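Geometric and topological summary
For reference, the chains in residue letters:
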Protein chains: 2
Amino acid sequence: MTVCGRNNKCRSGSSCIHGRMEKFMEPSILLFLWGQRSHGYELMEKLKTLGFEGSSADMATLYRTLRNLEEDGMVVSTWEEGSQGPPKRVYELTENGEALLHNWARAIQVQRARLDRFLALYEQRRQST
Amino acid sequence: MTVCGRNNKCRSGSSCIHGRMEKFMEPSILLFLWGQRSHGYELMEKLKTLGFEGSSADMATLYRTLRNLEEDGMVVSTWEEGSQGPPKRVYELTENGEALLHNWARAIQVQRARLDRFLALYEQRRQST
DNA sequence: TATTACTATATGCATAGCGCATATATACAC
DNA sequence: GTGTATATATGCGCTATGCATATAGTAATA
């Protein structure tokens, strides 16, 4: 039996624990862009506080998600050539993007309730053993 | 913008909210089989209390997950031809399956913590508006 | 007896999301 | 000039899963 988190090599069978929330990076990005413009690399630092690791897989998902969000009009970007480092693509939230964030928040509350229910049943059954 | 739950036709773009836990049905099955043998169709009734819908998609995932779990030695099945209805394939948890459940429970606690953190940041930022 | 509905298990097809590797380029320290 | 941090981006391939469909036993009911 293999227990794995993110960024692992475990690919086979059902005895591999992933347990990640699908597309969770999208609402996380929207949250950190809410009232605070930022660029990809900087966003990853903030995303680490939500359990992301900054791995190459995470970076790939990050930049892809930002592109998709812009394609859908949820964020807009502008290139900014600062004094130091390579040029940054700075994103900010649109009105639609904020609305999407609020909808995500409701969806995440629902998901948390499911996990709560699972863990409650689990603990309940564990104590009756 | 499209907000969708499970079992929707939303396939494109990032403005579609899924927000589900990957492979969540696997630990759910293990939980309900813990000390209580059961078959697929009956398990689905119990899974509904964890937010599953019993849709054709859910049924497909259910039977596939059961097969995978058996292939990995996490459950064992026996055909039982009862007095009524078609024969049922009754599953029970193995020792490895129980160990897997415990590992899943820890993983789900971690995921719940991530959702908690997201929602805390979200509420915090919402109140400062 | 035909029809319908419920119980029960199973599989094929298509695709979204993502892990992993890799490419590219700037700036700065040593 | 070599290494490291910053910064963005994409190709490949696989897993999980949504959706549709197949199959069949039992039972009620028209």
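Residues numbered from 1 in each chain as written. Chains lettered and ligands numbered in written order. Predicted model: local features only at pLDDT ≥ 70, side-chain atom pairs only at ≥ 80, totals over all residues. Heavy atoms only, no water.

Here's the deal with the interface of chain B and chain A
Note: interface size is frequently given as the accessible area lost on complex formation between the parts. The interface of chain B with chain A comprises 55 residues on the first partner and 55 residues on the second. The junction of chain B with chain A conceals about 5300 Å² of combined surface from both sides, 64% of it contributed by carbon and sulfur atoms. Counting every contact that joins chain B to chain A gives four salt bridges. Note that Glu22(A) and Arg20(B) form a salt bridge whose closest N and O atoms lie 2.0 Å from each other. Summed over the shared surface of chain B and chain A, the number is 10 residue pairs in polar contact (both at pLDDT 80 or more). Of the residues that constitute the side of chain B that touches chain A, the class distribution is 26 nonpolar, 16 polar and 13 charged. (Contact = heavy atoms within 4.5 Å. Buried area = accessible area lost by both parts, 1.4 Å probe. Salt bridge = Lys/Arg side-chain N within 4 Å of Asp/Glu carboxyl O. Polar contact = N/O pair within 3.5 Å; in protein donor to acceptor, adjacent residues only side chain to side chain. Nonpolar A, V, L, I, M, F, W, Y, C, P; charged D, E, K, R; others polar.)

Structural notes on the sheet that holds strand β2 (residues 75–80) of chain B
Adjacent strands of a sheet pair through backbone hydrogen bonds, lying either parallel or antiparallel. Residue and element names in this part refer to chain B. Sheet architecture is open: three strands sit in the order β1-β3-β2, paired in antiparallel fashion. With partners counted over all chains shown, the strands left at the sheet margins are β1 (38–39) and β2, one partner each. Here two bridges tie β1 to strand β3 (residues 88–93), and the two strands are oriented antiparallel to one another. By the bridge assignment for β3, histidine 39 is matched with valine 90. Strands β1, β2 and β3 of the sheet are contacted by helix α1 (residues 25–33), whose axis makes an angle of about 85° with β3. (Pairing = 2+ DSSP bridges. Helix = DSSP H or I, 4+ residues; strand = E, 2+ residues; numbered from the N terminus. Axes fitted to C-alpha atoms, helices over the stretch in contact; angles between N-to-C directions.)

Thoughts on the packing of aromatic side chains
Within a pair of aromatic rings, the relevant descriptors are the distance that separates the centres and the angle that separates the planes. Taken as a whole and assessed by the stated rule, the structure comprises eight aromatic pairs over all chains. Measuring from centroid to centroid gives 5.7 Å for Tyr122(A) and Trp34(B), while their planes differ by 25°, and the two rings are stacked. Residue Tyr122(A) is located in helix α4 (residues 95–127), and its partner Trp34(B) is located in the loop between α1 and β1; the two belong to separate chains. By the burial criterion, Tyr122(A) is buried, and Trp34(B) matches it. Three or more aromatic residues joined by ring pairs make a cluster, and in this case those are Phe24(A), Trp34(A), Phe52(A), Phe118(B) and Tyr122(B). Taking NZ or CZ as reference, Arg114(B) lies 4.7 Å from the ring centre of Phe52(A), over its face. (Phe/Tyr/Trp six-rings, centres within 6.5 Å; stacked < 30°, edge-to-face > 60°. Buried < 20%, exposed > 50% of the residue type's maximum accessible area, 1.4 Å probe, protein only. Lys NZ or Arg CZ within 6 Å of the ring centre and 35° of its normal.)

Concerning unusual backbone geometry
One can expect most non-glycine residues to show negative phi and most peptide bonds to be in trans. All names here are of chain A. Backbone geometry places lysine 23, a non-glycine residue, at a positive phi of 60°. In this fold, lysine 23 is placed in the segment before α1 (25–33). For lysine 23, a relative accessible area of 27% gives the class partly exposed.

Some remarks on the pattern of salt bridges
Charged atoms that come close allow side chains of opposite charge to pair. Residues and elements named next belong to chain A. Tallied over the full model, the rule gives 16 salt bridges over all chains. Taking the shortest distance from any N to any O, the salt bridge between lysine 48 and glutamate 45 comes out at 3.0 Å. A cluster of three or more residues bridged by salt bridges with shared partners is formed by Arg37, Glu80 and Glu92.

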